[in-house]
Amino acid sequence: MSRPDPTFLGQPRGLLPLSGLEIWERFSFLGMQAILVLFFSASEADNGLGMEPGPAASVAAGYSTLVYLLSVAGGWIADRMLGSYRSVLYGGILIACGHYAMAVPHPASTWIGLGLISAGTGMLKPNVAAMVGKLYSADDDRRDAGFSLYYMSINIGAFLGPIITGLLGEDIDWHWGFSAAAFGMTLGLVQYLLGRRHLAGRKDGAEFPLPPAAMRHAVWLICGGLAAVAALCVLLGALGALTLSRFVDALTYVSMAAPVVYFTVIWRSPRVTAAERGRLRPFLVLWLASVAFNFVLFQSYTVLVLLTDSHVNTSVLGWHVPSSWISSALGAVSVLSAPVIASVWSRMGSRQPHASRKLALGVLLGGLGFVLLSPVTLGKSGSGWEISLVWVVLAVLLIGVGDVLLEATGMSATTKLAPAAFSSQGLALWFLSLALATGVQAQTVKFYGDIADSLYFLLNGAVAVVVALAVFAVAPWLRRTMHPVH
């Protein structure tokens, strides 16, 4: 009689090292991101970069756009060159090096660090989620619950990161906060290596490797392309033609074009069967819903932080709570709600709502989170007004619960809907929805402070609400076309 496979909270044991890695990766990434916009907007006398709030939020959003655009390259490298395990490992190393670079108090180190973190996260993010998907069969009822637990681990890191980096960054020095992020990523790499024997599908190479000649050609193209881009950026910067604003604008254009190109490539690939191609249609609907939700979500790390810093009374029992902790509140909501949601789905089993309805509800809650802030900021202008912290916490509550509903369900559905030949790249395509959301956000946040806050939150929240209602409307069609997603 064979021994049963060891489990972690009723889930495959491999979920533990992957979830542990995500805790520390999100600790470092979101911990750093929580103070990034404040670091950009702080005066040079306060060891910041001295940007205005709007441009600071735009650059921070542009950085997020670059991260998720590079997830496409990370997915392709895993599928065709390195395999998921090695891609995650090398990506984690790049992330750690990037955070260590940002710990150095010099402007050049900041941009070098952000570049390394962007490249590393692009390699790590889609491939960790793909490795989680490989722990389950397509008809395993534990799958959505497992992804909810996995996403809870993400939000544990999202909760802890801003608390530590916010205390160190806002109260001592920004670069102390960046150092904490570097330490966290190092711990994540250590536990990933220690738990590697439990990872399903771990192989020495890619699942769909390039032929040797094509592999060598790809390596030369990648190296040459990186060198050419670096040289071009240096040249344009020296000539004064490349500014931060223009670079962010370029990222927005790329974030709009990349999904169109990538969907087309997958659709036309001879590796994709007719049945897999049919499932790409409902996937596109879910993908657009993800864009609408994340357009709101990622403003929690820019606009909501700036709102809290300037117009929210954060004094609690006489102590000033760091503004960046609003990002931790988002993680806390997700941590507390994820196990409840996972338990509900597990108990309901085959009776649980279809994935499309879960996702639509998540988008609706996210939109309502921003709409809620419209009436409480109505008629307020200038620099002397304040709102209660309660309103921001309520907004974060709605966005956080919506985050769990959408991202866990979306990633789970993607691992089932993505063509087999594009398993890691399918998740990279999902992350392109985040790239487009942050790319558009990089432009819209420029209006923050220029138009009334009440109008800003109403318009942004309304986008997500309208998209959610549209997904609810087409839910019956999605249910018919998304097999084997239940």
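What you see is a predicted model, and the numbers here were worked out from it, not measured in a lab. (Residues numbered from 1 in each chain as written. Predicted model: local features only at pLDDT ≥ 70, side-chain atom pairs only at ≥ 80, totals over all residues. Heavy atoms only, no water.)

The next subject is the packing of helix H2 (residues 53-82) against helix H3 (residues 84-102). Axis separation between H2 and H3 bottoms out at 8 Å; the angle between their running directions is 130°. The angle between the axes of H2 and H3 places the two elements in the oblique class. Every pair of crossing elements has a handedness; the one defined by H2 and H3 is right-handed. Where H2 abuts H3, its residues Ile77, Ala78 and Leu82 lie against Ser84, Arg86, Ser87 and Tyr90. Class assignment for the residues of the contact of H2 with H3 results in four nonpolar, two polar and one charged. (Axes fitted to C-alpha atoms, helices over the stretch in contact; angles between N-to-C directions. Helix = DSSP H or I, 4+ residues; strand = E, 2+ residues; numbered from the N terminus. Parallel < 35°, antiparallel > 145°, perpendicular 65-115°, else oblique. Left-handed = near helix turned anticlockwise from the far one by under 90°. Contact = heavy atoms within 4.5 Å. Nonpolar A, V, L, I, M, F, W, Y, C, P; charged D, E, K, R; others polar.)

Along the chain, Ala355 turns up in helix H12 (residues 355-376). Separated by 120 residues in sequence, Ala355 and Ala475 place their C-alpha atoms 9.2 Å apart.

On to the packing of aromatic side chains, then. Taken as a whole and judged by the stated rule, the model has 14 aromatic pairs. Seen from their ring centres, Tyr68 and Phe298 are 5.7 Å apart, and the 70° between their planes marks the pair as edge-to-face. Here the residue Tyr68 occupies a position in helix H2, and Phe298 occupies one in the loop between helix H9 (274-297) and helix H10 (303-311), the gap between them amounting to 230 residues. Note on Phe263 and Trp287: the rings are 5.7 Å apart at their centroids and 85° apart in plane angle, and the pair reads as edge-to-face. In this pair, Phe263 sits in helix H8 (residues 244-268) while Trp287 sits in helix H9, placing the two residues 24 residues apart along the sequence. By relative accessible area, Phe263 is classed as buried at 16%. Judged by its relative accessible area of 3%, Trp287 is buried. Members of the aromatic cluster, each reached through a chain of ring pairs, are Phe39, Phe40, Trp111, Trp174 and Phe178. For Arg277, the ring lying beneath its charged end belongs to Trp267, and the centroid distance is 5.9 Å. (Phe/Tyr/Trp six-rings, centres within 6.5 Å; stacked < 30°, edge-to-face > 60°. Buried < 20%, exposed > 50% of the residue type's maximum accessible area, 1.4 Å probe, protein only. Lys NZ or Arg CZ within 6 Å of the ring centre and 35° of its normal.)

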